[in-house]
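In case you want the letters, here they are:
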Amino acid sequence: MRHLLDTTDLSLDEIDDIISLATDIISNPKKYAHVCDGKKLATLFFEPSTRTRLSFEAAMYELGGNVIGFSEASSTSASKGETVEDTVRIVSNYADIIAMRHPLEGAPRVAVTKTLVPIINAGDGGHAHPTQTLADLLTFFREKCRLDNLTIGLCGDLKFGRTVHSLIKAMCRYKNIKFVLIAPNELQVPDYIIKDVLEPSGTKYVQVESMDAVMPDLDVLYMTRIQRERFFSAEEYLKYENAFILDLDKLENAKSDLTIMHPLPRVNEIATNVDDDPRAKYFEQALNGKYVRMALIMTLLKWGGQLEY
Ligand code: NCD
């Protein structure tokens, strides 16, 4: 039995296989419509979510399976003081696979000590969000036909943004990747990402405070939301609320084949008229999230011996 707690739990070959499977699901959805007949996914969301939870649920339904779960901790025994370990131990008797989101970093790591079924980390605090990264990689692959030789601008809240942390960990393993880390100094990537991930991998990176000068170099611009809920005070958040806003003017010097991405939800960091620019791919990225989660559910169930396909 295998779990997915962060992107590095998967080898590059395994990621390739998941992307290939997702691509085949996109081309031949009927072939997969009954692969998970009789199986249940539990979605345990102790923290708000729209895309991640609903795309997991849609993924399981499109594979022929069923879904149980909750979308807020207040409606569960967590509000009575039940531990994550106990909740997961119980739910793993009711479901074949679990997708879990929790506000505390490391909560899924605790959960795997008690589960009887595979666990997928659907986001743990400001730490990691590996299934978003798989959606991002599928988007690179579909838009650029490659996962190497890319200059990727990451812009916004790189400190608390877990999507960015998992994406850097994943992309550092591919050849000739360059990161342009665009954020106010206070919201730059955590030190451990620089020291334990970027530097040991030899991946090139620069840290800048404005997107204007770097825009012409980028193959991908990955915008992120300032993570209001992870700031200690409202005043602190307000300092950065409008730090970076992508609009059509800023895109004037960008490559004609730039891919603009965002894990969503968007607050104000991408002007809505950018949505009509052919380079905007964030809605496609969200759809890719469903396909890659279908591929991941199938893969983890297969590795656990619960599914043959
Ligand atoms: C992200 C998350 O939850 O970390 N959203 C998502 O899963 N698509 C990004 C965010 O909340 O800003």
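This text goes with the structure placed above it.
These figures come from a predicted structure and were not determined experimentally.

So, how was this worked out
Residues numbered from 1 in each chain as written. Predicted model: local features only at pLDDT ≥ 70, side-chain atom pairs only at ≥ 80, totals over all residues. Heavy atoms only, no water. Pairing = 2+ DSSP bridges. Helix = DSSP H or I, 4+ residues; strand = E, 2+ residues; numbered from the N terminus. Axes fitted to C-alpha atoms, helices over the stretch in contact; angles between N-to-C directions. Contact = heavy atoms within 4.5 Å. Salt bridge = Lys/Arg side-chain N within 4 Å of Asp/Glu carboxyl O. Buried < 20%, exposed > 50% of the residue type's maximum accessible area, 1.4 Å probe, protein only. Right-handed = clockwise from strand over helix to strand, strands pointing away. Near = heavy atom within 4 Å. Polar contact = N/O pair within 3.5 Å; in protein donor to acceptor, adjacent residues only side chain to side chain. Areas by Shrake-Rupley, 256 points an atom, 1.4 Å probe, with all protein chains shown as cover. Nonpolar A, V, L, I, M, F, W, Y, C, P; charged D, E, K, R; others polar.

Draft legend 1. Inspection of the sheet that holds strand E2 (residues 66-70) at higher detail. Pairing in this open sheet of 4 strands is parallel, and the strands run E2-E1-E3-E4 from one edge to the other. Pairing within the sheet leaves two strands with one partner each, and these edge strands are E2 and strand E4 (119-124). On average, adjacent strands in this sheet sit at an angle of 15° to one another, irrespective of strand direction. The strands touched by helix H2 (residues 51-62) within the sheet are strand E1 (40-45), E2, strand E3 (97-102) and E4, with E1 carrying the most contacts at an inclination of about 175°. Here helix H9 (residues 282-303) sits on the sheet and contacts E1, E3 and E4; the angle it forms with E3, its principal contact strand, is near 125°.

Draft legend 2. Representation of the pattern of salt bridges. Counted under the stated rule, the structure contains 12 salt bridges. For Arg-162, the salt bridge goes to Glu-47, with nearest N and O atoms at 3.0 Å. Pair noted here: Arg-162 is in helix H6 (residues 162-171) and Glu-47 is in the loop between E1 and H2, with a separation of 115 residues, a long-range link. Judged by its relative accessible area of 8%, Glu-47 is buried.

Draft legend 3. Here's a closer look at the pairing of strand E7 (residues 204-208). The pairing of strand E6 (residues 177-182) with E7 spans 5 bridges and is parallel. By the bridge assignment, Val-180 is partnered in E7 with Val-206. A crossover links E6 with its parallel partner E7, the connecting element being helix H7 (residues 191-201), and its sense is right-handed.

Draft legend 4. How the structure looks around the site of the ligand. Lining the immediate environment of the ligand, one finds Arg-51, Thr-52, Arg-101, His-129, Gln-132, Arg-162, Thr-163, Arg-225, Gln-227, Pro-263, Leu-264 and Pro-265. Measuring from an oxygen atom of the ligand, one finds a side-chain N or O atom of Gln-227 at 2.8 Å. For the ligand, the protein covers 94% of the area, taking 320 Å² as the surface of the free molecule. Elements supplying a minimum of two residues to the shell around the ligand: H2 and H6. Partitioning the shell around the ligand into residue classes produces 3 nonpolar, 5 polar and 4 charged.

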